[in-house]
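Structure at a glance
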Amino acid sequence: MRTLHRLLILLGLSMALMGCTSLSDKPIYNDQGYAVTGYDVVAYFTDNKAVKGSTAFQTEYQGSQWLFATKQHQQQFEQSPERYIPQYGGYCAYAMSSGFVVSSDPQAFTVYQDKLYLNYSLSVRENWLENKTQFIQEADGYWQQKVAKN
C-alpha cells in the first residue's frame, strides 16, 4: 500500500515535470525572479516559518537574487550563505529522491538537522516526512549526479 501511495505521489510530481527545469539553466530554484520565490531563507531557521522577503533587503549569490524580511537576516545570510541555502537548490526534496527536478512551494518546508528542505506542496511534504531519512539519502545521491553534469 505504501509503495502504491508513493507511486501515486510520484505520478503527480511527474505531471509537474512540465514546469520543471534542468539544473544547467537554474541550479537554484527561482520563481518570480527570486530564489525560493522571494522567501527569506534565514527566517525558516530563526522564526520556523515561511516569511516573504522584501526587495529592500536583497543580495545576489550563486547567480540568484535572495530576498530577506530584515537587514539582520540579509547580513546573516551574507556571512554564511551555505548554512541557509535549501538543499537541492530549493527544488522539491521528495521529487529529488527519485531523480526529478521539480519546483517547490516555500510554505512546504522542513528544517531538519540544521538543513532546509522544500517540497512541491504541503501534501507532498507530509509524505516526505514519513520517511525523510531514506528520501534524503536517495536525494543526496541524485543531487550529486545532477550537479556533476553542470
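I will try to describe carefully the structure that is included in this document. As the structure is a computational prediction, the values presented were derived from the model and not from experiment.

1. Comments concerning the pattern of salt bridges
Counted under the stated rule, the structure contains two salt bridges. One salt bridge connects Arg83 with Asp114, and the closest N-O pair in it is separated by 3.3 Å. Of this pair, Arg83 sits in helix α4 (residues 81–84) while Asp114 sits in the loop between β5 (105–112) and β6 (115–119), placing them 31 residues apart in sequence. Since its relative accessible area comes to 34%, Arg83 is described here as partly exposed. On the basis of relative accessibility, which here comes to 44%, the residue Asp114 falls in the partly exposed class. Linking Arg125 and Glu126 is a salt bridge whose minimum nitrogen-to-oxygen distance equals 2.9 Å. Judged by its relative accessible area of 44%, Glu126 is partly exposed.

2. Looking at the packing of aromatic side chains
For the coordinates displayed, the defined rule picks out 10 aromatic pairs. Between Phe68 and Phe77 the ring centres are 5.1 Å apart and the planes differ by 45°, which places this aromatic pair in the tilted class. Here the two residues Phe68 and Phe77 agree in accessibility, since each one is buried. Relative to Trp143, the ring of Tyr88 lies with its centre 6.1 Å away and its plane at 70°, an arrangement referred to as edge-to-face. Within this pair, whereas Tyr88 is found in the loop between α4 and α5 (93–96), its partner Trp143 is found in helix α7 (residues 132–148), the two being separated by 55 residues in sequence. As far as burial versus exposure is concerned, Tyr88 and Trp143 are alike and both buried. Pairwise contacts between aromatic rings join Tyr61, Trp66, Phe68 and Phe77 into one cluster. Over the face of the ring belonging to Phe45 we find Arg83, whose NZ or CZ atom lies 5.2 Å from the ring centre. Directly above the ring of Tyr112 sits Lys132, whose terminal nitrogen or CZ lies 4.7 Å from the centroid.

About the criteria used
- Residues numbered from 1 in each chain as written.
- Predicted model: local features only at pLDDT ≥ 70, side-chain atom pairs only at ≥ 80, totals over all residues.
- Heavy atoms only, no water.
- Salt bridge = Lys/Arg side-chain N within 4 Å of Asp/Glu carboxyl O.
- Helix = DSSP H or I, 4+ residues; strand = E, 2+ residues; numbered from the N terminus.
- Buried < 20%, exposed > 50% of the residue type's maximum accessible area, 1.4 Å probe, protein only.
- Phe/Tyr/Trp six-rings, centres within 6.5 Å; stacked < 30°, edge-to-face > 60°.
- Lys NZ or Arg CZ within 6 Å of the ring centre and 35° of its normal.

Nothing here speaks to function; it is geometry throughout.
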